[in-house]
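Structural overview for review
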Amino acid sequence: MALSKRRRAQVVRGVQYGVLVVAAVALALAVDWQQVRHAFLDADAAGRLFPGIILTGLKNTLVYAALGFAVGLGLGLVLALMRMSSVGPYRWLATAYIEFFRGVPALLVFIAFGFGVPLAFQIRFDTYSTVALSLGLVGAAYMAETIRAGIQAVPKGQVEAARSLGMPAGMAMFTIVIPQAFRIILPPLTNELILLTKDSSLVYLLGVARDEYELTKIGREALNVSPNLTPILVAGLCYLIITIPLSQLSRYLERRTGGRRISSPESTGLEVKA
Amino acid sequence: MSVLVEISGLRKAFGPLQVLRGIDLTVSRGEVVCVIGPSGSGKSTLLRCVNLLEEPTGGRVVVDGVELTDPDVDIDAARRRIGMVFQQFNLFSHLSVLDNLTIAQRKVLRRGRAEAERVARENLARVGLAEKIDAMPGQLSGGQQQRVAIARSLSMAPELMLFDEPTSALDPELVGDVLGVMRQLADEGMTMMVVTHEMQFAREVADRVLFMDGGVVVEEGPADEVIGEPRHERTRTFLSRVLDPTHHGPGDPTS
Ligand SMILES: Nc1ncnc2c1ncn2[C@@H]1O[C@H](COP(=O)(O)OP(=O)(O)OP(=O)(O)O)[C@@H](O)[C@H]1O
Ligand SMILES: [Mg+2]
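These figures come from a predicted structure and were not determined experimentally. (Residues numbered from 1 in each chain as written. Chains lettered and ligands numbered in written order. Predicted model: local features only at pLDDT ≥ 70, side-chain atom pairs only at ≥ 80, totals over all residues. Heavy atoms only, no water.)

**Considering the site of ligand 1**
All names here are of chain B. Every residue close to ligand 1 is listed here: F14, L17, V19, P38, S39, G40, S41, G42, K43, S44, T45 and E165. Note that an oxygen atom of ligand 1 is positioned 2.6 Å from one of the side-chain N or O atoms of S39. Note that an oxygen atom of ligand 1 is positioned 3.2 Å from one of the side-chain N or O atoms of E165. In isolation ligand 1 offers 630 Å² of accessible surface; the protein chains occlude 60% of this area. Looking at the shell around ligand 1, the elements with two or more residues in it are β2 (17-28) and α1 (43-50). Of all the elements, α1 adds the most residues to the shell around ligand 1, at three residues. Residue classes in the shell around ligand 1 are distributed as four nonpolar, six polar and two charged. (Near = heavy atom within 4 Å. Polar contact = N/O pair within 3.5 Å; in protein donor to acceptor, adjacent residues only side chain to side chain. Areas by Shrake-Rupley, 256 points an atom, 1.4 Å probe, with all protein chains shown as cover. Helix = DSSP H or I, 4+ residues; strand = E, 2+ residues; numbered from the N terminus. Nonpolar A, V, L, I, M, F, W, Y, C, P; charged D, E, K, R; others polar.)

Below you can see the structure in the form of structure tokens.
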């Protein structure tokens, strides 16, 4: 007996849902809910975190991410322009930088900036500068590639029109090309901000003062006095308060730019649908 | 009439490909020159060498007494006085119509906001789009975008206007508006070099028509002669294809 194509698709979908439900139920039965409640859902332990986790943790996470993003964006733009320069040494330098900082874990960069650089140069950075520089140096490597892809996605005719109105090359780049490039790359840049938000947790490596704690550090410190793991859950939820709106924003921007999209900084290709 | 554009021995190669093989051409002030010829003959390249969007491989280009091919020339200063209109319009898509018309006036010519806006309004009215001043380019039809592009160039008060197939990307019913604006410009005495496939326009508006093929000017003269009674075989073949595209012989390579 032959099923119609549509009927067959319905059956397949039905089976998929069935498997999902069975898997979820099996998982739920396997979990010891009593234990979970004790370990993660302790209302008293959660309550003791407030308001510090918001006023200090959430605030500092936001500040660290924003500072890192600002440094990364500025440096990333410089690197992107160097990458496309006609001057060989600029290109090589930018390429070497990007390969290096994309290749090493952010954790090592934090250690280098927190301890190595102050030792080598006999200067002391405060925590905020250390975080801004470490996150910024790593973020710049990714953002440089995104920005370059965005600049290259702006039609060549835009530069030609600008130049034939008498604009010098630099003016054409900064007043015509870059503003359009940033419109195109807003979605991937938003993702970059999400990554930096999470990477700001690496600040725990540095010996930081109590009012410089961010979410992860506050959660970990609270563990020392908490009978259970609830602080970790709360800290995690606080990250989602930041990252979910950001990814919604990214998706909205992507829809609004009408299908023009640049792939993630990991891949070099880019797709531009007219 | 005084000479505005003087091109001599102009050559351009892209790698091994010789695209322009020695072009000599002078354009007088107020003259309208139309350039016609088959695809790939070098028409766009010639036009783009006149404002140095392409760097010539050899020869001289002089516009309004300034030698653009001189390595020490201030090319940005020279380009302010040469308007260019592209097949693909190339309006700045992130800027409103008004900002498209004022940005170069303000940043390049350093005009104040009020003056730049006044000039922009004047030129938009000239192309019949005064009411679109606050629109974004994406909200305009192709014909409207091209007229805004013309107004943008005119806002710089150029001595010379270059048009590279300004109507080729337009729906047929929008071509007339753009040609109308160009006709009016010609009547006002603007010096124009126009690459076009609109033979009717060339016949009615051009003071002179150039037929190019294979990187050289094969034939030039008054529009009625070059288009009406071409002397060269290549010109005749080209025109018969353009004017009567449904009647090629069998095996015609352009079919
Ligand atoms: N930037 C470039 N690099 C390499 N080759 C080029 C470049 N620009 C143009 N060419 C080549 O030069 C030749 C002439 O091009 P050009 O655009 O001047 O022709 P055209 O007469 O304007 O043709 P069409 O009517 O199709 O616009 C073509 O063979 C083209 O492939
Ligand atoms: Mg062309």
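And the narrative resumes.
**Considerations on the interface of chain A and chain B**
With 17 residues of chain A at the interface, the matching set in chain B holds 22 residues. Where chain A abuts chain B, roughly 1700 Å² becomes buried across the two surfaces, and 61% of that area is made up of carbon and sulfur atoms. Of all residues in chain A, E160(A), S164(A) and L165(A) bury the most surface against chain B, accounting for 35% of the area lost on that side. Counting across the interface, chain A meets chain B through two salt bridges. (Contact = heavy atoms within 4.5 Å. Buried area = accessible area lost by both parts, 1.4 Å probe. Salt bridge = Lys/Arg side-chain N within 4 Å of Asp/Glu carboxyl O.)

**Describing the packing of aromatic side chains**
Scanning the entire structure with this criterion turns up five aromatic pairs over all chains. Look at Y97(A) and F101(A): their rings are 4.5 Å apart centre to centre, the planes differ by 35°, and that puts the pair in the tilted class. Linking Y97(A) with F101(A), this pair stays in helix α5 (residues 88-103), spanning four residues, or about one helical turn. What makes F101(A) buried here is its relative accessible area of 13%. By way of ring pairs, the aromatic residues Y97(A), F100(A) and F101(A) are connected into one cluster. It is R152(B) that lies over the ring of F92(B); its NZ or CZ is 4.4 Å from the centre. (Phe/Tyr/Trp six-rings, centres within 6.5 Å; stacked < 30°, edge-to-face > 60°. Buried < 20%, exposed > 50% of the residue type's maximum accessible area, 1.4 Å probe, protein only. Lys NZ or Arg CZ within 6 Å of the ring centre and 35° of its normal.)

**Remarks on the sheet that holds strand β1 (residues 3-14) of chain B**
Residue and element names in this part refer to chain B. Pairing is antiparallel across the open sheet formed by four strands, whose spatial order is β2-β1-β4-β5. Only two strands of the sheet have a single neighbouring strand rather than two, namely β2 and β5 (66-67). Examined bridge by bridge, β1 and β2 share nine bridges and lie antiparallel to one another. From the neighbouring strand, V5 faces β2, where its bridge partner is V27. Running at roughly 125° to β1, α1 makes contact with β1, β2 and β4 (58-63) of the sheet. (Pairing = 2+ DSSP bridges. Axes fitted to C-alpha atoms, helices over the stretch in contact; angles between N-to-C directions.)

**Describing the UniProt feature "domain: ABC transmembrane type-1" (unreviewed entry) in chain A**
Per the UniProt record, "domain: ABC transmembrane type-1" (unreviewed entry) is annotated on residues 58-250 of chain A. Secondary structure within residues 58-250 of chain A divides into 81% helix and 0% strand; the distance between the first and last C-alpha atoms comes to 21 Å. (UniProt positions renumbered as here; feature names shortened; annotations may be inferred.)

**Considering the side chain of N100(B)**
Following the sequence through the fold, N100(B) ends up in helix α3 (residues 97-107). Polar contacts involving the side chain of N100(B) include one to the main-chain amide nitrogen of F92(B), which spans 2.7 Å.

**Focus: the UniProt feature "domain: ABC transporter" (unreviewed entry) in chain B**
Feature annotation in UniProt assigns "domain: ABC transporter" (unreviewed entry) to the following positions: residues 5-239 of chain B. Split by type, residues 5-239 of chain B is 37% helix and 26% strand. Its first and last C-alpha atoms lie 27 Å apart.

**Here we look at α5(A)**
All names here are of chain A. Compared with an ideal rise of 1.5 Å per residue, which puts 16 residues at 22 Å, α5 spans 22 Å between its outermost C-alpha atoms and is within 8% of the ideal. G88, A94, Y97, I98 and F101 are the residues of α5 that are buried. Along its buried surface, α5 packs onto α4 (52-83), α6 (106-121) and α7 (127-153). (Expected span 1.5 Å × (residues − 1).)

**Some details on the domain arrangement of chain B**
Residues and elements named next belong to chain B. The domains assigned to chain B are domain 1 (3-81 + 159-241) and domain 2 (91-157). Domain 1 puts 15 residues into the contact, and the matching count from domain 2 is 14 residues. In this assembly, domain 1 packs against domain 2 so that about 1100 Å² is buried in total across both faces, 69% of it on carbon and sulfur atoms. Interface area lost by domain 1 to domain 2 is led by R80, M161 and V181, which between them contribute 39%. The interface formed by domain 1 and domain 2 includes two salt bridges. (Domains from an automatic or database assignment.)

**Quick notes on the sheet that holds strand β7 (residues 160-164) of chain B**
Residues and elements named next belong to chain B. Read from one edge of the open sheet, six strands run β6-β7-β8-β3-β9-β10, paired in mixed fashion. Looking along the sheet, the strands with just one partner apiece sit at the ends: β6 (82-85) and β10 (216-221). Each neighbouring strand pair of the sheet contributes to a mean axis angle of 20°, computed without reference to strand direction. Bridge count between strand β3 (residues 32-36) and strand β9 (residues 208-213): four bridges; the pairing is parallel. In the strand pairing of β9, V33 is matched with R208. In this fold α1 packs onto β3, β6, β7, β8 (191-195) and β9, with an angle of close to 155° to the strand it touches most, β7. Helix-sheet contacts for helix α9 (residues 233-243) involve β3, β9 and β10, and the interaxial angle to β9 is about 95°.

**Details of the confidence of the model for chain B**
Any segment with low pLDDT has predicted coordinates that should not be analysed in fine detail. All names here are of chain B. In the predicted model, chain B carries a mean pLDDT of 94, and the fraction of residues at 70 or more is 96%. Low pLDDT, under 50, characterises residues 251-255; the stretch is placed with five contacts to residues that sit more than four places away or in other chains. Listed scores for the predicted complex are pTM 0.86 and ipTM 0.93. (pLDDT = per-residue confidence, 0-100.)

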